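Here are the chains, one letter per residue:
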Amino acid sequence: MAVRPTMARFPGDPAEQEACGVPWGLTLTPFAGRDENDIPPCYGSGGELLPRCENCWAYYNTYCEQDQWSWDCSLCGTTNGLTSASIARYSGPQTYPENASSFIDLELPLEGDGEMEARPVYVAAVDLSSSEEFLELTKIALLAALEALGPGSLFGLATFSHKIGLYDVQGPIPVVKNVFIPPDSLGNLAMGLEDVMPLFSFLAPVDTCKDRITAALETLRPTTSWERTTAAGQSDGVLLGGRGFGVAMEALLKYLGSEYGNTYALARVFAFLSGPPDYGLGQLDTRRYGEQYASKGEDADRALLPEQTPFYKDLAAVAVQAGVCVDIFAVTNEYTDLASLKFLSIESGGSLFLYSSTDDSTLPQDMYRMLNRPYAFNCILRVRTSSEFKLSHSYGHFFPDPEYENVQHIICCDSFATYAYDFDFVNGVGFSRHSKELPTIQVAFQYTIVVPPDETTKLGSSPSIRAKYSLQRRLRIRTVQFGTARNINEIYDGVDPEVVLSILVHEVILSSLENGVREGRLLLHEWLVNLTAQYNDAYKLAEYVRGALTTSQVDVAFTQCPQLQSLPRLVFALLRNPLLRFHEEGVHPDYRIYLQCLFSALEPSSLSRAVYPLLSSYETPDKQAFPRHSLSRAALITSGSPIFFLDAFTTLIVFYSSTANTSLPFPPPQDCLLRTTINKVKQERIITPKLIFIRGGQDDATAFENYLIEEQDVEGSGFTSIMGFVSFLEEINRDVVEYMTKASGNLRN
Ligand SMILES: [Zn+2]
């Protein structure tokens, strides 16, 4: 569980919070195995025995003052009596995790039948209203998935087009049974899937049926347009689509739901989609994309972001009820309206993947990685604060509890999934400067994991008992104390720019979803103007000549404060990111939605890499020249290095300059330093980055040059005669002067 605040020392009171201009909040990665300093939790059992404050329900922790009979809550100060059981527990010679560390992970007793057989269930739903290439890629991905699935897992193969196909691979030859989807947008299936094929014929054990699953995958073919036309009763032979995704998913969720809590505790559905759902219930009207292109004057960036139907949001609720998490893999360059579809994945705890073509898709690698990562499910997350402050906004892919404030439900999350919060003071008083009580937060994270059979049998059970998957419920608690700043300068000195960027990204995503991309950009620009003005004020840098400021007197480079210096560049880069670039610049609306979903779950360092890629250079494939360059053509030219390596999080580019010595091996050989670096980056990442090699002067270098943003105009009107980032700072400078002049005018009036 990593916790990273935007500032190491918190503002003392609301006036200081307001005046500093930096968001006050933190990012939280609850299922990360270690904390932000790479320290693991103290493991133990007896989570249910942990004393809790009778006033604020916070958990007993190492920051609590304790005497023989009682303890003082480190969050609200209430004195709580210890039960006789706790007194016995804590007066003995043994040290318990809660007395040893402020970061603990304790087992909880399972509710209900703890002996329940919890076999992992995976279902692939494959789009047959697609192409041979799409199906080929899907097959490769599913073969990779089969390799990653643990023994004892159950796997089901389903297909959809104008009909739903269910495979029974447990007999000598695979059998497929179909049920037709009514073409109109109101009709339901003629029969439930359970009547088409019993669920236990559909869900096959991976251990014994791997070959037959593979054989079934080999039989997948795209449905022909003739087939679809006939099915839809259209005789003229002209039919668009035939992709009944909505009905198929709804039926599959109901089908699986019958075994929720018996066969499985969490099932995962992998939905492979080659285009928009355009048949039956849940079909999406993709004409809005074309219309927006054609129309003049309307803000396309605003019109294409909201969902056009609540269907997939409602379906996500059905998935959650059925204990199913849905991962969507969209492989298409067609407008698919992910704005409507995304809810089915992110709200059910799944991921949304978008690949624009089958050629360079990293889908099989992503799939393999995803299944190899441990995950937690049925999670409940609660962040508590000490009494002087409270949570203001919460950001990330979770469900707020309908009843309890600040309780969040996360259906499924891996060790990368990150959430963010910002804070506010409870009243005008702030933190007492004389009290020894420090601002404190406590994160409680309850979750379930599936423990594979080999781990439980190791604990000494008889080998004759068939190994079973078991569930474990755990409670992870982290209590963190922070200092308070004595003045604004102290706040600035402790700023973590990566975490500030995380909060800003959440804010601009929300703003653009509500008010359009233009508004999101404006918000970001104004934030930087405000911060720069506040900083100049705090350091008393701007001097007024006869009551007027001139631009030369404003410090836009944050020369007095190294912690703030990267922020203007990060803001500029965020404005140049497809997340916030205009529709007119050719940003595909589905790609924007994909980035929104990806960025709003990334931990701060990864996000910062995605927004401002890391550019380093090499003298040879085995010798690094410079560890970091700014993203500018000028920097490249002046460095004189022959090889550059750009890490943009989703893409890695190795670029050989056109003047590189021809004796340098291209592409870099497998055993060199550069390759080792690349492989390490690929290993550690949540998604598989695309790797591109470019030889300057010979290959098309556009992919690389697009990342050299510092000479680009911030509004995207091309390369300007004055340099992009420089002129952006000049603009910020002018706006700061205007802002400060207005503010000082207001003071005098
Ligand atoms: Zn308390």
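Conventions used here
Residues numbered from 1 in each chain as written. Predicted model: local features only at pLDDT ≥ 70, side-chain atom pairs only at ≥ 80, totals over all residues. Heavy atoms only, no water. Helix = DSSP H or I, 4+ residues; strand = E, 2+ residues; numbered from the N terminus. Rg over C-alpha atoms; globule rule 2.2 N^0.38 Å. Buried < 20%, exposed > 50% of the residue type's maximum accessible area, 1.4 Å probe, protein only. Contact = heavy atoms within 4.5 Å. Areas by Shrake-Rupley, 256 points an atom, 1.4 Å probe, with all protein chains shown as cover. Lys, Arg positive; Asp, Glu negative; His and termini not counted. Charge placed at Lys NZ, Arg CZ, Asp CG, Glu CD. Pairing = 2+ DSSP bridges. Axes fitted to C-alpha atoms, helices over the stretch in contact; angles between N-to-C directions. Donors = N, O, S within 2.8 Å, 3.2 Å for Na, K, Ca; no water. Phe/Tyr/Trp six-rings, centres within 6.5 Å; stacked < 30°, edge-to-face > 60°. Lys NZ or Arg CZ within 6 Å of the ring centre and 35° of its normal.

Asks: Tell me about the overall build of the protein chain, and please be specific about residues and values.
Replies: On a plain count of helices and strands, the protein chain comes out with 25 helices and 29 strands. Here the protein chain has a C-alpha radius of gyration of 28 Å; the compact-globule value for 749 residues is 27 Å, and the two agree. Overall, the C-alpha framework of the protein chain stretches about 90 × 75 × 55 Å when taken along its three principal axes. Here the protein chain holds 749 residues, and the buried ones make up 56% of them. Counting only contacts in the protein chain whose residues sit at least 6 apart along the sequence, the fraction spanning at least 24 positions is 76%. When the accessible surface of the protein chain is split by element, carbon and sulfur atoms take 51% of a total near 32000 Å². For the protein chain, the separation between the mean place of its 58 positive charges and that of its 90 negative charges on side chains is 3 Å.

Asks: Go over the sheet that holds strand E21 (residues 419-425) with me, naming the residues and quoting the values.
Replies: Pairing is antiparallel in the open sheet, where four strands are placed in the order E1-E3-E21-E18. The strands lining the two open edges of the sheet, one partner per strand, are strand E1 (2-5) and strand E18 (389-395). Along the sheet, successive strands turn relative to each other by an average axial angle of 25°, direction set aside. In terms of strand pairing, strand E3 (residues 25-29) meets E21 through four bridges, oriented antiparallel. Bridge pairing links Thr27 to Ala420 in E21.

Asks: Explain the sheet that holds strand E20 (residues 407-414) residue by residue, including any values.
Replies: With mixed pairing, the seven strands of this open sheet are ordered in space as E4-E8-E23-E22-E17-E20-E19. With partners counted over all chains shown, the strands left at the sheet margins are strand E4 (42-44) and strand E19 (399-400), one partner each. Of the pairings in the sheet, the one linking E4 to strand E8 (residues 103-108) comprises three bridges and is parallel in character. Residue pairing in the sheet places Tyr43 in a bridge with Asp105 of E8.

Asks: Help me get a handle on the coordination of the zinc ion, residues and values and all.
Replies: Protein ligation of the zinc ion involves Cys53 (SG), Cys56 (SG), Cys73 (SG) and Cys76 (SG), the donor distances falling in the range 2.3 to 2.4 Å. Expressed as a motif, the donor residue spacing for the zinc ion is C-x2-C-x16-C-x2-C. For Cys76, a relative accessible area of 25% gives the class partly exposed.

Asks: Give a detailed account of the packing of aromatic side chains, specifying residues and quantitative values.
Replies: Throughout the structure, instances matching the rule amount to 39 aromatic pairs. Ring plane angle 20° and centroid distance 6.0 Å describe the contact between Phe245 and Tyr312, whose orientation is recorded as stacked. Of the two residues, Phe245 is situated in helix H9 (residues 245-257) and Tyr312 in helix H12 (residues 311-321); the sequence distance between them amounts to 67 residues. Here Phe245 and Tyr312 have matching classes, each one buried. Centre to centre, the rings of Phe725 and Phe728 are 6.3 Å apart; their planes meet at 25°, and the pair counts as stacked. With a gap of three residues between them, Phe725 and Phe728 both fall in helix H25 (residues 724-748), about one helical turn apart. Overall, the relative accessible area of 2% leaves Phe728 in the buried class. A network of ring pairs unites the aromatic residues Phe10, Trp24, Phe389, Phe423, Phe425, Phe431 and Phe482 as a single cluster. Above the plane of the ring of Phe582 lies Arg521, whose end atom (NZ or CZ) is 4.8 Å from the centre.

Asks: Break down the side chain of Glu16 for me, citing the residues and quoting the values.
Replies: Mapped onto the elements of the fold, Glu16 is located in helix H1 (residues 14-20). Beyond its immediate stretch of four places on either side in the chain, Glu16 contacts Pro11, Arg433, Ala485, Arg486, Asn487, Ile488 and Ile491.

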